[in-house]
Amino acid sequence: MKNITNVYEAVGSNKLKSNLVMLFFIAFVVGLVWIYSQAFGYGPEMIGYALVFSGVTSFASYWYSDKIILGISGARPANRKKDFNFYTVTENLSMAAGIPMPKLYVIEDTAPNAFETGRDPKHAVVCATTGLLEKLSRTELEGVIGHELSHIGNYDIRLMSIVTVLAGLIVLISDWMFRTSRVSRNDDNRAQGPLMLIAFVLLLLSPIVASLIKLAISRRREFLADASSAKLTRFPEGLARALEKIAKDKEPLEAANKATAHLYIVNPLKNHHDAVGWFAGLFNTHPPVQERIKDLRAMV
């Protein structure tokens with residue numbers, strides 16, 4: 001018997017899972033900082049310095065991300081007359097979602113794909129390729145735009161900026177501790193053999209764990225945006241069909257690179273294969289397309 005999920009249940013479930021992963025990440029950071037402090041004798045001021053440094057280095061990326069990404073992608077502003085469907089679909093769904101109309105941009109490329117960027121709903125951008133606008137029906141386009149608007153409404157750019165700061169903090173502290181671990185500031189810590197051993201293991205593993213958690217949060221937000229799009233458009237099948245078309249198109253998106261690939265609705269680097277198995281899936285920026293389609297088609 002087919003397992004049918006109400007779109008509201010799907011949104012609620014994905015929000016809960018996303019929040020749980022985020023809470024685990026924060027707990028991991030706090031626990032890591034405590035172990036390092038106890039093992040190496042550093043005070044809380046060290047954590048403060050690292051947090052400030054990590055935050056400052058991420059500020060410019062957060063504030064100017066839209067301009068940087070649009071410049072890298074070679075996107076042009078959308079034209080209401082030339083890109084009528086794109087413009088009117090976004091206009092209608094923005095009103096339905098209760099968020100300001102984002103700025104619209106188009107990448108001249110026949111590979112179908114789209115992404116959103118911007119620091120908040122008032123400074124948001126939705127960008128689509130000409131391939132997407134030409135190859136999708138209006139209903140399918142509504143599913144894709146609903147997905148991108150859901151990212152905006154869910155403040156995913158802001159959330160991922162916070163996650164990036166936390167991941168950067170872990171890498172920074174781990175590197176700092178590794179460089180100074182040979183000279184402990186507190187001789188008494190030499191007696192803390194088990195704690196010191198744990199700290200050294202975490203020095204090696206924590207940057208990898210931080211990256212994996214960051215990717216896990218990114219994947220969960222994709223599921224949430226899919227469910228939110230289904231809720232907004234009232235037609236999950238529209239996005240499911242769109243994802244099928246985008247995934248089956250084998251043409252790589254020339255404007256995309258490893259730095260921007262995670263932004264797109266489907267991984268634009270077509271030389272990849274959806275991960276097979278649990279371990280391989282840990283390193284994906286996107287959930288497997290077939291899994292997303294399956295979830296959408298289980299919604300009513």
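Reading the values: rules and limits
- Residues numbered from 1 in each chain as written.
- Predicted model: local features only at pLDDT ≥ 70, side-chain atom pairs only at ≥ 80, totals over all residues.
- Heavy atoms only, no water.
- Helix = DSSP H or I, 4+ residues; strand = E, 2+ residues; numbered from the N terminus.
- Buried < 20%, exposed > 50% of the residue type's maximum accessible area, 1.4 Å probe, protein only.
- Contact = heavy atoms within 4.5 Å.
- Pairing = 2+ DSSP bridges.
- Axes fitted to C-alpha atoms, helices over the stretch in contact; angles between N-to-C directions.
- Patch = residues over 30% accessible without salt bridge, like charges linked within 9 Å, V, L, I, M, F, W, Y side chains within 5 Å.
- Areas by Shrake-Rupley, 256 points an atom, 1.4 Å probe, with all protein chains shown as cover.
- Salt bridge = Lys/Arg side-chain N within 4 Å of Asp/Glu carboxyl O.
- Expected span 1.5 Å × (residues − 1).
- 1 Å grid on protein atoms, 1.4 Å probe; cavity = no way out; pocket = protein on both sides within 12 Å on 5 of 7 lines; lining within 4 Å.
- Points joined across faces, edges and corners; volume = space filled by probe spheres on them.
- pLDDT = per-residue confidence, 0-100.

Let us look at the overall build of the protein. Assigned secondary structure in the protein consists of 10 helices and four strands. When the helices and strands of the protein are placed in sequence order, the string is α-α-β-α-β-β-β-α-α-α-α-α-α-α. Buried residues in the protein amount to 50% of all 300 residues. Counted over contacts in the protein with a minimum sequence separation of 6, partners at least 24 positions apart contribute 75%.

Here we come to the pairing of strand 3 (residues 114-118). Counting buried positions along strand 3 yields five of five residues, so the element is predominantly enclosed. Here strand 3 shows two buried faces, one formed by Ala 114, Glu 116 and Gly 118 and the other by Phe 115 and Thr 117. The hairpin formed by strand 3 and strand 4 (residues 124-129) contains five residues between the paired strands.

Spatial strand order, 1-2-4-3: four strands in an open sheet with mixed pairing. The open sheet has two edge strands, strand 1 (76-77) and strand 3, and neither has a second partner. Relative to strand 4, strand 2 (residues 103-107) runs parallel, the two sharing five bridges. The partner of Val 106 across the bridge, within strand 4, is Ala 128. Each of strand 2 and strand 4 touches helix 3 (residues 84-97); the most contacted strand, strand 2, lies at about 150° to it. Lying on the sheet, helix 5 (residues 138-153) is in contact with strand 3 and strand 4; it crosses strand 3 at an angle near 20°.

On the surface, a cluster of nonpolar side chains totalling about 490 Å² of accessible area is made up of Leu 16, Leu 20, Leu 23, Ile 26 and Val 30. Note on Leu 23: relative accessible area 54%, which makes it exposed.

Looking now at helix 5. Across its 16 residues, helix 5 extends 22 Å between first and last C-alpha, which sits within 8% of the 22 Å expected from 1.5 Å per residue. Counting buried positions along helix 5 yields 12 of 16 residues, so the element is predominantly enclosed. The complete set of buried residues in helix 5 reads Glu 140, Leu 141, Gly 143, Val 144, Ile 145, Gly 146, His 147, Glu 148, Leu 149, Ser 150, His 151 and Ile 152. Tyr 155 sits one or two residues past helix 5 and shows a positive phi near 55°.

Let's shift gears to empty space enclosed by the protein. Counted under the stated rule, the structure contains two cavities of 30 Å³ or more. Its volume calculated, the largest cavity comes out at about 50 Å³. In terms of lining residues, the largest cavity is bounded by 13 residues, among which Glu 116, Gly 118, Asp 120, Ile 152 and Ile 157 are the most central. Broken down by secondary-structure element, the contributors of at least two residues to the lining of the largest cavity are strand 3, helix 5 and helix 6 (156-180).

By the definition in use, this model includes 11 salt bridges. Glu 108 is paired through a salt bridge with Arg 76; the nearest N and O atoms lie 2.7 Å apart. Remark: Arg 76 occurs in strand 1 and Glu 108 occurs in the loop between strand 2 and strand 3; sequence separation between them is 32 residues. For Arg 292, the salt bridge identified is with Asp 226, shortest N-O distance 2.8 Å. On the criterion of sequence distance, the pair formed by Arg 292 in helix 10 (residues 289-297) and Asp 226 in helix 7 (residues 193-233) is long-range, its members being 66 residues apart.

So, about unusual backbone geometry. You will see that Tyr 155, though not glycine, has its phi angle at about 55°, which is positive. We note that Arg 234 has phi near 65°; this positive angle belongs to a residue other than glycine. With respect to the helices and strands, Arg 234 occurs in the loop between helix 7 and helix 8 (236-248). Taking the relative accessible area as the measure of exposure, Arg 234 reaches 58% and is therefore exposed.

When the pLDDT values of the protein are averaged, the result is 82; 81% of them are 70 or greater. Long-range and interchain partners of residues 185-191, a stretch whose pLDDT sits below 50, account for 12 contacts in this model, where long-range means more than four residues apart.

What follows deals with the pairing of strand 4. With six of six residues buried, strand 4 lies mostly within the body of the structure. Of the two faces of strand 4, the one lined by Ala 124, Val 126 and Ala 128 and the one lined by Val 125, Cys 127 and Thr 129 are each fully buried. Strand direction decides the pairing type here: strand 3 and strand 4, joined by five bridges, are antiparallel. Pairing of Phe 115 across the sheet is with Cys 127, part of strand 4.

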